[in-house]
Amino acid sequence: MRFSWKMFLYTYIMIVLSFSLGGFMIIEAAFFNNIQAKEENLIENNNNLCSTYLTMLALDEKLGTNMAIPYRNNLYQDTEDTRVYIGAMGLVEGYDKEFFNQNVQTGKRYVRMIERDGKRCLQVILRDDRMGNYTCVETLESVEDLYEGRDENYRQFQVILLVVSGMGAVFLWLMSIHLTIPLKRLADTAKKIGSGDFTIRAKENHSSLEVRVLTEEFNKMAGYVESYVEELKEENRRREEFVGNFTHELKTPLTSVIGYADLLRSYELDGEKRRQFAEYIYKEGIRLEALALHLLNLLVLRKEEFELCEITAKYFFHELKEQLFFLLEKYECRLELEVEDGIFLGESDLLKTLLYNLVDNGCKAMQEEHRERERKITIYGKKEDGCYRICVEDLGRGIAPEEIKKITEAFYMVDKSRARTMGGAGLGLALCKQIAEIHHSTLEIESKQGEGSRFSIALAQAGEEKHE
Ligand code: ADP
């Protein structure tokens, strides 16, 4: 059942019930009061008659007059609606010997409701044996008009109830529709979101606080869902791109290797050609090996949890320098170290891999023919604001501003053919970025085309060095 229907029905039933009950109680209370007033009136009458009759009896006895009997006879009244009687108890209306003997005692008043000629009457009987044995005063009056009045009130109330409940129904129906409109709108919006339109939001300008809060929270939730779905899409896109790039990077060297190997086995080639083709195969093999290694590293880094240890800058850079020796020799580059003493938190092997990659990239960036500038890589190590920053600076060709954001993506190469001839597959900086993330840091890149680049990472300082 619809919420608006439920709300309407429950409220309507409750209002009609409470209105009916209220009306019933008011009518019954008024009726009860009227009956009581009538009863009091009859009792008062009865009392007066009794005391007057007793006085007359006393006077008759004292003065020898005869006033009581005529008074009693004059008083006697027996009409359709009333009866006034003073005399023997056996002649009162509705006399029942056994019952009267039991219940109507001298000096006691007895009030009851009896039916007389089809009319309900209130009867007050006062038995007082001072007036004579088994003598009583009876006052009786029909209360049929009070019952009719009550029935009339009920009839009027029914009409009022009908009108009020009709008007109330219309009002309640409009109200329940008005109150459930925002919920209906919210449900429509949820339906649209459910069918894939994550950009849609519910209108927030509602007058009632609860609906406003509900709408705000709903929109917040829709926002989260949208960004989460976007993230998933982006992740999916990246994965597809990664697989595509990977396949391509794998296929290119393999095609060359197969091609050159086929030439070598199919033809009788002279020594120089054979050496040249073998060199191609060797280089492509090296590239494939680097690709496999990088990929392996990327996968391992994603899965493994690393414990960061305290590393002393002095020893770390000393070991790094030794590790870089052959690389620098190969590219004929000079290394300059400008490092402060300090202790920082990190995973030594990963940091060395990162710096090795950065130095490797820097060296490659400086491999240009007719180069006049010096081939120099500078590694800085500086303490700043509670962290230890390591920078690798080169004087290479630099990176265009629009490329800077992309070069850390896997398989991204600025100049593909140049990168491939240098044995790259566009995975080095993706690996560096991941290593930086493992160190709760980011790989910051600054570069000026034609002048050089600077890659840096901030590591948390550790130990006493932090307070030096
Ligand atoms: P690769 O392993 O192919 O070198 P990277 O992920 O390390 O891949 O680098 C991506 C691209 O960024 C490279 O193709 C290169 O053109 C560019 N790049 C990286 N470092 C530098 C640098 N120091 N100077 C100029 N270009 C750079």
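This is a predicted model, so every value here is computed, not measured.

Reading guide: rules and limits
Residues numbered from 1 in each chain as written. Predicted model: local features only at pLDDT ≥ 70, side-chain atom pairs only at ≥ 80, totals over all residues. Heavy atoms only, no water. Near = heavy atom within 4 Å. Polar contact = N/O pair within 3.5 Å; in protein donor to acceptor, adjacent residues only side chain to side chain. Areas by Shrake-Rupley, 256 points an atom, 1.4 Å probe, with all protein chains shown as cover. Helix = DSSP H or I, 4+ residues; strand = E, 2+ residues; numbered from the N terminus. Pairing = 2+ DSSP bridges. Contact = heavy atoms within 4.5 Å. Axes fitted to C-alpha atoms, helices over the stretch in contact; angles between N-to-C directions. Parallel < 35°, antiparallel > 145°, perpendicular 65-115°, else oblique. Left-handed = near helix turned anticlockwise from the far one by under 90°. Nonpolar A, V, L, I, M, F, W, Y, C, P; charged D, E, K, R; others polar. Salt bridge = Lys/Arg side-chain N within 4 Å of Asp/Glu carboxyl O. Core = buried A, V, L, I, M, F, W, Y, C linked by side-chain atoms within 4.5 Å. Buried < 20%, exposed > 50% of the residue type's maximum accessible area, 1.4 Å probe, protein only.

## Quick look at the site of the ligand
Around the ligand lies a shell of 20 residues, among which N361, D394, Y412, G426 and L429 are the nearest. Contact between the ligand and N361: an oxygen atom at 2.8 Å from a side-chain N or O atom of the residue. Backbone polar atom of G428 to an oxygen atom of the ligand: 3.3 Å apart, as the coordinates give it. With the chains in place, 95% of the 530 Å² that the ligand exposes on its own is no longer accessible. Within the residue set of the shell around the ligand, elements represented by two or more residues are helix 8 (348-365), helix 11 (428-438) and strand 12 (452-460).

## Describing the sheet that holds strand 1 (residues 77-78)
The strand order 1-2-5-4-3 describes an open sheet built from five strands, whose pairing is antiparallel. Two strands lie at the open edges of the sheet, namely strand 1 and strand 3 (109-116), each paired on one side alone. Where strand 4 (residues 119-127) lies against strand 5 (residues 135-142), seven bridges are found, and the strand directions are antiparallel. If you follow C121 over to strand 5, its bridge partner there is S142. Packed onto the sheet, helix 4 (residues 144-194) meets strand 3, strand 4 and strand 5 and runs at close to 140° relative to strand 4.

## Quick word on the packing of helix 5 (residues 209-266) against helix 6 (residues 271-303)
Between helix 5 and helix 6, the least distance of the axes is 9 Å, while the angle of their chain directions is 155°. The angle between the axes of helix 5 and helix 6 places the two elements in the roughly antiparallel class. Considering only the axes of helix 5 and helix 6, their crossing is left-handed. Residue composition of the contact of helix 5 with helix 6, by class: 17 nonpolar, two polar and four charged.

## Some details on the pattern of salt bridges
The tally for this structure, following the rule as stated, stands at 31 salt bridges. Linked by salt bridges that have partners in common, D78, R83, E93, R116 and E138 make up one network.

## As for the nonpolar core
If you look at the biggest cluster of nonpolar residues, it comprises 47 residues, and the most contacted ones within it are F317, F344, L355, L358, V359, I379 and I390. Those elements that provide at least two residues to this core are helix 6, helix 7 (313-331), helix 8, strand 9 (376-384), strand 10 (387-394), helix 11 and strand 12. If one sorts the elements of this core by residue count, helix 7 sits on top with eight residues. Not counting chain neighbours up to four residues away, the residues in contact with F344 comprise C309, E310, I311, A313, F316, L351, Y388, I390, L459, A460, Q461 and A462. Judged by nonpolar contacts, the second largest core, of 13 residues, contains C50, Y71, I86 and L126.

## Details of the side chain of S176
Position of S176 relative to the elements: it lies in helix 4. Relative accessible area serves as the criterion here: at 1%, S176 is assigned to the buried category. Ignoring anything within four residues of it in the chain, the contact list for S176 reads S4, M7 and F8.

## So, the sheet that holds strand 10
In space, the five strands of this open sheet follow the order 7-9-10-12-11, with mixed pairing throughout. Of all the strands in the sheet, just strand 7 (334-339) and strand 11 (444-448) have a single pairing partner and so form its edges. Pairwise comparison of adjacent strand axes, ignoring direction, gives a mean angle of 15° for this sheet. Relative to strand 10, strand 9 runs antiparallel, the two sharing eight bridges.

## Side note on unusual backbone geometry
Of note, the phi angle at E332 is positive, near 55°, even though the residue is not glycine. Mapping E332 onto the fold places it in the loop between helix 7 and strand 7. Judged by its relative accessible area of 60%, E332 is exposed. Positive phi, normally seen in glycine, also occurs at H440, with a value near 55°. By the element assignment, H440 lies in the loop between helix 11 and strand 11. Owing to a relative accessible area of 68%, H440 belongs among the exposed residues under this scheme.

## Regarding the side chain of E284
Tracing the sequence through the fold places E284 in helix 6. Judged by its relative accessible area of 16%, E284 falls in the buried class.

## Some thoughts on the pairing of strand 2 (residues 82-88)
For strand 2, the buried fraction is high: five of the seven residues fall into the buried class. With two bridges joining them, strand 1 and strand 2 adopt antiparallel strand pairing. Directly across from Q77, in strand 2, lies its bridge partner V84. Where strand 1 folds back on strand 2, the antiparallel hairpin that results is connected by three residues. Across seven bridges, the pairing between strand 2 and strand 5 is antiparallel. In the strand pairing of strand 5, I86 is matched with V137.

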